[in-house]
Amino acid sequence: MPRQPRRRSYDQYCAAARALDAIGDRWTLLIVRELLAGPRRYTDLHADLPGVSTDVLASRLKDMEREELATRRKLPPPAAATVYELTARGRALLPVLTALAAWGAPDLAERRPTDAVRAHWFAIPLIPLLRRLPHGPAVLDVRLDEGEFHVRTDGGEAEGTGGPVYGEGPAPDADARLVLDADTCRALAEGTLTVEEGVKDGRIEVTGEGPVAAALRGA
């Protein structure tokens, strides 16, 4: 059996250095971002990570399996597809990505011509804002011109113990739908706009029946 190459390490007895040994490689945290939406096939990951080569993606996924951040399993028939999904250790990175999104939000002020965009990339910065709203645990659809995703605000996932924190497309059990644009998402992520202000100013449209939608419209 060929000898496995030793991964680069900072070789420092430091918690931050140990963490970066596991997740500091380019693309790793963005793969985590994608898998926070639930199990994904390799081809789906590659499609939603524009710019990553197939070799690098395969290498990062192997590294994540070795670090026990992700696992690979085969779905039962009729799907019969292999998917990657986060472990509890991998899901526990949600607060890390949330903090990075908040820190980096001001850099979204100008969209570059080369920038790719996917609607669900806005899920991470929106999750803490939606969890703080007074409607309690809920499932919220979020629709942008670029696409639609849904967010679950029940909070268990932040500790790495639950399922996906968001998913692509609308949820069949959604309590309400928020319609907004990418600029409004950016303002929310930056903290220059609150959800309540966005609803009041007409920048966020709330649709749906029931107490959650009513609470959002009345915020």
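Details of the structure are given in the entry above.
Residue indices begin from 1 for each chain and proceed along its sequence in written order. At least 70 in pLDDT is required for a residue's local features to be given in this predicted model, at least 80 for side-chain atom pairs to be given and counted, and no such filter applies to totals for whole chains, interfaces and linings, which use all residues. Side-chain measures were taken over the full set of non-hydrogen atoms in the model, leaving aside hydrogen atoms and water.

Trainee: Could you clarify how one ought to interpret the overall build of the protein chain in this entry?
Mentor: Looking only at helices and strands, one finds ten helices and eight strands in the protein chain. Taken against the 2.2 N^0.38 rule, which gives 17 Å for 219 residues, the C-alpha radius of gyration of the protein chain at 19 Å falls within 12% of a compact globule. Based on the C-alpha atoms only, the size of the protein chain along its principal axes is roughly 65 × 45 × 35 Å. Note on classification: 1.4 Å probe, protein chains only; a residue is buried when its accessible area is under 20% of the maximum for its type, exposed when over 50%, partly exposed between these limits. Relative to its 219 residues, the protein chain shows a buried fraction of 42%. For every accessible area listed, the method is Shrake-Rupley and the probe measures 1.4 Å; residues are considered covered only by the protein chains on display. For the protein chain, the accessible surface area stands at approximately 12300 Å², while carbon and sulfur atoms represent 53% of it. Helix numbering and strand numbering both begin at the N terminus, where a helix is a DSSP run of H or I of at least 4 residues and a strand a DSSP run of E of at least 2. A radius of gyration in this sense is built from C-alpha atoms; the matching globule rule multiplies 2.2 Å by the number of residues raised to 0.38.

Trainee: Looking at this structure, how should I read the pairing of strand E4 (residues 139–144)?
Mentor: The side chains of a regular strand alternate between both faces of the sheet. The buried fraction of E4 is high, at five of six residues. When DSSP locates at least two bridges between a pair of strands, those strands are taken to pair. As paired strands, E4 and strand E5 (residues 147–152) are joined by six bridges and run antiparallel to one another. Note that in E5 the partner of Arg143 across the bridge is Glu148. The turn linking E4 back onto E5 is made up of two residues.

Trainee: Is there a simple way to think about the side chain of Thr184 in this case?
Mentor: Residue position: Thr184 is located in helix H8 (residues 182–190). The contact criterion used is simple: two residues touch if any of their non-hydrogen atoms lie within 4.5 Å. Setting aside anything within four residues of it in sequence, one finds Thr184 in contact with Leu193, Arg203 and Ile204.

Trainee: Teacher, can you tell me more about the sheet that holds E5 here?
Mentor: Pairing between sheet strands relies on hydrogen bonds along the backbone, with the strands arranged either parallel or antiparallel. Read across the sheet, five strands follow the order E6-E5-E4-E7-E8 without closing on themselves; strand pairing throughout is mixed. Of all strands in the sheet, those bounded by a partner on one side alone are strand E6 (166–168) and strand E8 (205–207). Going across the sheet, the axis of each strand differs from the next one's by a mean of 25°, ignoring polarity. Every angle, taken between N-to-C directions, lies between 0 and 180 degrees, and every axis is a line fitted to C-alpha atoms, over only the stretch in contact when it is a helix. Running over the sheet, helix H7 (residues 123–131) touches E4, E5, E6 and strand E7 (176–179) and is turned about 45° from E5.

Trainee: Is there a simple way to explain the sheet that holds strand E3 (residues 82–86) in this structure?
Mentor: Within the open sheet, the three strands sit side by side as E1-E3-E2. Their pairing is antiparallel. For this open sheet the edge positions go to strand E1 (40–41) and strand E2 (70–74), each flanked by a neighbour on one side alone. Where E2 and E3 come together, five bridges link them in antiparallel fashion. Its bridge partner lying in E3, Ala70 is registered against Leu86. Helix H2 (residues 28–35) contacts E1, E2 and E3 of the sheet and is inclined by roughly 100° relative to E3.

Trainee: Explain a negative patch on the surface here, please?
Mentor: Without a salt bridge and with relative accessible area above 30%, a residue can belong to a patch; like charges are then joined within 9 Å and nonpolar side chains (Val, Leu, Ile, Met, Phe, Trp, Tyr) within 5 Å. Put simply, a salt bridge is a Lys or Arg side-chain nitrogen that is within 4 Å of an Asp or Glu carboxyl oxygen. Note on charges: Lys and Arg go in the positive column, Asp and Glu in the negative column, and His and the chain ends are not counted at all. For the purpose of locating charges, the reference atoms are NZ of Lys, CZ of Arg, CG of Asp and CD of Glu. On the surface, Asp145, Glu146, Asp181 and Asp183 cluster together to form a negatively charged patch. Among the structural elements, Asp183 can be located in helix H8.

Trainee: Help me out: how do you make sense of the nonpolar core in this one?
Mentor: Across soluble globular proteins, nonpolar side chains have a tendency to be buried as a group. Nonpolar cores are built from buried Ala, Val, Leu, Ile, Met, Phe, Trp, Tyr and Cys residues. Side-chain atoms within 4.5 Å join them into one set. Ranked by size, the top nonpolar core spans 53 residues in total, and within it Leu36, Phe149 and Tyr166 carry the most contacts. No other element matches the six residues that H7 contributes to this core. Those residues in contact with Leu36, other than ones at most four positions away along the chain, are Leu86, Arg91, Leu94, Leu97, Ile124, Pro164, Val165 and Tyr166.

Trainee: Please clarify how H8 should be interpreted in this entry.
Mentor: Since the α-helix packs 3.6 residues into each turn, any two residues three or four apart lie on the same face. Along H8, the residues that are buried comprise Thr184, Cys185, Arg186, Ala187, Leu188 and Ala189. Elements that come into contact with the buried residues of H8 comprise H7, E4 and helix H9 (195–200). In protein, a polar contact requires one atom able to donate a hydrogen and another able to accept it; more generally it is a pair of N or O atoms within 3.5 Å, and residues adjacent in sequence count only if both atoms are side-chain atoms. The distance from a side-chain oxygen at the start of H8 to the backbone nitrogen of Asp183 is 3.3 Å, and the residue carrying that oxygen is Asp181.

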